[in-house]
Amino acid sequence: MYMFSKSLEERCNRILRDMEGSLTARDRVGIQDFVLLDAYTSESAVLDNLRKRFNENLIYTYIGTLLVSVNPYKELGIYTKKQMDIYMGVNFFELPPHIYALADNVYRTMLTETNNHFILISGESGAGKTEASKKILQFYAVSCPSTKLLDNVRDRLLLSNPVLEAFGNAKTLKNDNSSRFGKYMDIQFDHMGGAVGGHILSYLLEKSRVVHQNHGERSFHIFYQLVEGGEEDLLRWLGLERNCQRYSYLVQGECAKVSSVNDKSDWKTVRKALSVIEFSESNIESLFAIIASVLHLGNVTFVADSQGYATLNNSPEIHWLSKLLGIPAQVIQVGLTHRKIEARSEEVLSPFTVDQAVYAKDALAKAIYGRTFTWLVNELNESLANKDSSRKTVIGLLDIYGFEVFSVNSFEQFCINYCNEKLQQLFIQLTLKSEQEEYEMEGIEWESVPYFNNKIICDLVEEKFKGIISVLDEECLRPGEATDMTFLEKLEEKMGGHPHFVTHKLADQKTRKTLERGDFRLLHYAGEVTYSVVGFLDKNNDLLYRNIKEVMRQSKNAIVKHCFPSTEPDSKKRPETVATQFKSSLVGLTEILMSKEPWYVRCMKPNEGKQPGLFDDVLVRHQVKYLGLMEHLRVRRAGFAYRRRYEIFLQRYKPLCPDTWPNWKGTAAEGVECLVKHLGYKPDEYKMGRTKIFIRHPRTLFATEDAFEVCKHELATRIQAKYKGYRVKGDYIRQRQAATKIETCWRGMKARREREKRAWAVKVIKKFIKGFMTRNQPACVDNTEYLAFVRQNYLTRLKENLPKTVVDKNTWLTPPPIMQEASQMLRKLYTRHMVRRYVQGIMTERKAQLQIKGLTSSIFKGTKENYPHSVGIPFVDTRISEEDIHIKVYQMIRQERIKYSVPVVKYDRNGFRPRFRQLIYTGSAAYLVEEAKIKQRVEFNNLKGVSVSTLSDNFLILHVQCEDIKQKGDLVLQCDYLFEALTKLCLVANKHNFIKVVQGSVKFDIQPGREGFVDFKSGQETMIYRAKNGHLMVESTRTKSRAMIQN
Ligand SMILES: Nc1ncnc2c1ncn2[C@@H]1O[C@H](COP(=O)(O)OP(=O)(O)OP(=O)(O)O)[C@@H](O)[C@H]1O
Ligand SMILES: [Mg+2]
């Protein structure tokens, strides 16, 4: 078995299990579907099941999809909102039978198959048809999608009921709220399932009830509601008293009060409904004026005058009639007591006898009420109409009078029962007959079910020229004295021998006893009914004298005016009889129903006494029979619950099988075969006909439907994905095109910019070259820009390449010719700036140092060759620390305060031998020290001067004042820190100009009167030696001239 079919079976089982689980013990009483009944051919078994369930308050039972309902005559609490929610979207067999389940299934089938449906609610008077139709309507009101607009339609649909019931329902012996008209209501749905409109057709209102009611019955509710509930003002305006007993039309049945009916509150409901349905206030006024005028009319009485003609004796009624209908009293008076007859092409008024006048009055009352009822239905339709022309599907609700048998049955019962015969015909055609014919046509093996075809009875009633209606019409129309009895005779003549027709005359001995002379009996499919012919002709004629119609046409009451239009065919031509009209309306109804899918609700009453909890076997058995339940059950059992044309079935379920999805190549039948095999249908579960597949059990179909439901989502997802993909791809392509376009534009723009830039560059370069070529000419158009550029460029570059220090003399950008002068000025400025910055930045100590160096510079700059080398070497306080001076020496000169010491080489004045000595300055003298010995002390006062050479040697000669021969002469010294030592000497000795820079040789005193010479010259290397001439020769290497320049 396929995977799928396995899951299908599992699902079926699960649903069945759930269903079992959700049912309480009470729910399981009997069986919920007669199809499951073993003894399905036994009426008793059916009855037993109904009784069992009824005793547990289970009023609903299925026969397949047909719903059987038994009136409980009590509130069961099964019509709550919660119950509605439970039944929404649930398969038939998953919950206990309910009218909501049926309503929901009809609705969903309509939505999925987008076709029209009707629910035929049948059953005898008081069986619960109207209640059932209301429950269905309420279910849709709750379960259908809701919007503000739809809610408006919904309210109108719901509220049309109390209005129609007020005007068309009455208390009868069988039912306190018996519908005295047939009603077919279309509810229109849009493709989303929203109720968008409605239409009502009404059939044959029992007008006679306005003027006459049987004992224990009432007229239409609205009269009692108005009298009991009408506001004081309104009643006063209408000239009414709050007492039903005052009105003869309301007390014919002697039961104006009914305990189960609350006229007062019903009045309020109706008033409210009329405003919701948007009846205008003036229309509502006119409407009540008519109701009141009927009551006044009923109280009109006639007395015979001396000639025996009718005259009116109570003028107040005429006064009110005149006021309410807006017709002059006199006109009414004449209209009620005369008729117009034609006498030799002349119209004359002929007075009525009292009887005739009463008859005419009643006829008028019936006509006014009947026509007003028709007007009311039209108004309701106007209010329910959906004006937009989009496609709609409909669900029709047919709540039509049930089969009726009273002790005395008249023309009304004849029509009602004829209507039921027609509906039975329809039922037979739609189910029994068509079902069997279909099996035959489709070549399905089939056990034929015997049923009674009531066509013979329908023909008996309606057949052209031969039927009862034809005979009745003929009798009504023929000239001469036609009476109800002559009509009966005609019937006997024509129908004699018909198996379904009997009269006293035609009956056998036994039957005759049960028949009166004026009776005829029809053997209806539902049972025998004996009709009394009394009144048949009159009721069929429904005559209203021409002059009274003319009177009505004068009315100022808008509704009456509308109901008696001047365009009405002239009375010379006979209007269609009531029976014929009814016959045609039934033909119309049959046509309406035949074009739709049927669903059935069969209502039954459990007893005649409106008693809760009482189950009358005989009564119910009778209903089981005439409602055709047994035949229906047999057909259901033998047949198949579901059938569909192959094409439709395949079209719907093809996604369930990979071979049939998305398209099946072969014939539809083969496709279906393949599909059901894939779904795992068992051979006895289905049959393949010529054009259709037949499925035996609903559960098989439901399981398939469930699987489809699941699959639909997957498909939807796939389609959605594909569509999204398609959309996104489209978006992508568009975006890509857009991107390319933007790119193209962008590139174009960039290229254009580039081109412009290049053109500009060419111009600039050209200008630049021209400027370059003319740079040395006086400023002109060609070179101004170039020169500006050169200037700017030079200044910018200069800014980035400025010398870092004042001593950096090399870093200065060579200026272009036009900037020579500016460059020089800038250089000067910048140097000054650097100097200032430098000067501002130096500390006091350093300043002092520099001042000393400045002194050095003032002495040696430009005079001594090796001076520049010394510039960078900072001066120190001393070159020999005090510790390195021999202690003895130190103690000797300490009080003079040592200012500076430096190591020197002393050359002997004789022989020029070099000796290492320390040269120490104190506050007052310079000492030449050898270890612990002071070799020579030169007081500063005795220091005549100091000589140094211009060359790069380190020699200094101290010239000493020498008066004494014992005194040592000048000192020839060599000092590595020459400049430092000399500068310090100047400072310590406070002598500034005593240093002489000498070129060539320096003469010095060896001792007073004896001179020596030191010669200086430049050589390849530094050499100090005694020259042949006895001079000390000091050769020094030449210092590079660059250094000289820089310093
Ligand atoms: N489902 C129900 N639950 C409770 N009471 C019900 C139910 N159905 C019918 N009844 C009772 O039975 C009464 C008669 O029902 P309803 O008016 O629907 O009968 P009907 O079949 O329309 O009769 P008719 O042919 O005379 O119009 C209702 O007024 C109500 O009291
Ligand atoms: Mg009813």
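Heads up: the structure comes first, above all this text.
Residues numbered from 1 in each chain as written. Chains lettered and ligands numbered in written order. Predicted model: local features only at pLDDT ≥ 70, side-chain atom pairs only at ≥ 80, totals over all residues. Heavy atoms only, no water.

> Teacher, can you tell me more about the packing of aromatic side chains here?
The geometry of an aromatic ring pair is captured by the separation of the ring centres together with the interplanar angle, meaning the angle of the planes. Tallied over the entire structure, the rule returns 41 aromatic pairs. Here the aromatic cluster, defined as three or more aromatic residues joined through ring pairs, consists of F411, F414, F487, F501, F520, Y531 and F536. Across from the ring centre of Y79, 4.4 Å away, lies the NZ or CZ of K135, which sits over that ring. The aromatic ring of Y247 is capped on one face by R246, whose charged end is 5.8 Å from the ring centroid. (Phe/Tyr/Trp six-rings, centres within 6.5 Å; stacked < 30°, edge-to-face > 60°. Lys NZ or Arg CZ within 6 Å of the ring centre and 35° of its normal.)

> I keep staring at the coordination of the magnesium ion (ligand 2) and nothing clicks. Help me out?
Each pair of donors in an ideal octahedron of six around a metal sits at 90 or 180 degrees, and each pair in an ideal tetrahedron of four sits at 109.5 degrees. Around the magnesium ion (ligand 2), the protein supplies T130 (OG1) and S179 (OG) as donor atoms, at distances of 1.9 to 2.1 Å. Here S179 lies in strand β5 (residues 178–179) and T130 lies in helix α5 (residues 129–143), a separation of 49 residues in the sequence. Residue T130 is classed as buried on the basis of its relative accessible area, which comes to 13%. S179 sits in the buried class, given a relative accessible area of 14%. (Donors = N, O, S within 2.8 Å, 3.2 Å for Na, K, Ca; no water. Helix = DSSP H or I, 4+ residues; strand = E, 2+ residues; numbered from the N terminus. Buried < 20%, exposed > 50% of the residue type's maximum accessible area, 1.4 Å probe, protein only.)

> What should I look at first to understand the site of ligand 1 in this one?
Near ligand 1 there are 18 residues, and of these N71, S125, K129, T130 and S178 occur at the shortest range. With the chains in place, 87% of the 620 Å² that ligand 1 exposes on its own is no longer accessible. The element contributing the most residues to the shell around ligand 1 is α5, with three residues. When grouped by side-chain class, the residues that make up the shell around ligand 1 number five nonpolar, nine polar and four charged. (Near = heavy atom within 4 Å. Areas by Shrake-Rupley, 256 points an atom, 1.4 Å probe, with all protein chains shown as cover. Nonpolar A, V, L, I, M, F, W, Y, C, P; charged D, E, K, R; others polar.)

> Help me understand the pairing of strand β16 (residues 597–604) in this model?
Successive residues of a regular strand alternate their side chains across the two faces of the sheet. Summarising burial for β16: six of the eight residues are buried, a large majority. Across four bridges, the pairing between strand β2 (residues 66–70) and β16 is parallel. Of the residues in β16, the one forming a bridge with L67 is V601. Relative to β16, strand β3 (residues 117–122) runs parallel, the two sharing six bridges. (Pairing = 2+ DSSP bridges.)

> Is there a simple way to think about the side chain of R521 in this case?
Its location among the elements puts R521 in strand β14 (residues 519–524). A relative accessible area of 7% means that R521 is categorised as buried. At a separation of 2.8 Å, a polar atom in the side chain of R521 contacts the side chain of T514. Here R521 is in contact with H500, F501, V502, T511, T514, L515, E528, V529 and T530, once residues within four sequence places are set aside. (Polar contact = N/O pair within 3.5 Å; in protein donor to acceptor, adjacent residues only side chain to side chain. Contact = heavy atoms within 4.5 Å.)

> Before we go on, may I ask you to explain the environment of K888 in this structure?
Here K888 is to be found in helix α32 (residues 887–893). Distance from K888 to P868, taken between C-alpha atoms, is 38 Å for residues 20 residues apart in sequence.

> It is not clear to me how the sheet that holds strand β30 (residues 1023–1026) should be interpreted in this structure. Could you clarify?
Pairing is mixed in the open sheet, where four strands are placed in the order β28-β29-β31-β30. Edge strands, defined here as strands with exactly one partner in the open sheet, are β28 (1001–1007) and β30. Within this sheet the neighbouring strands show an average axis-to-axis angle of 20 degrees, counted without direction. (Axes fitted to C-alpha atoms, helices over the stretch in contact; angles between N-to-C directions.)

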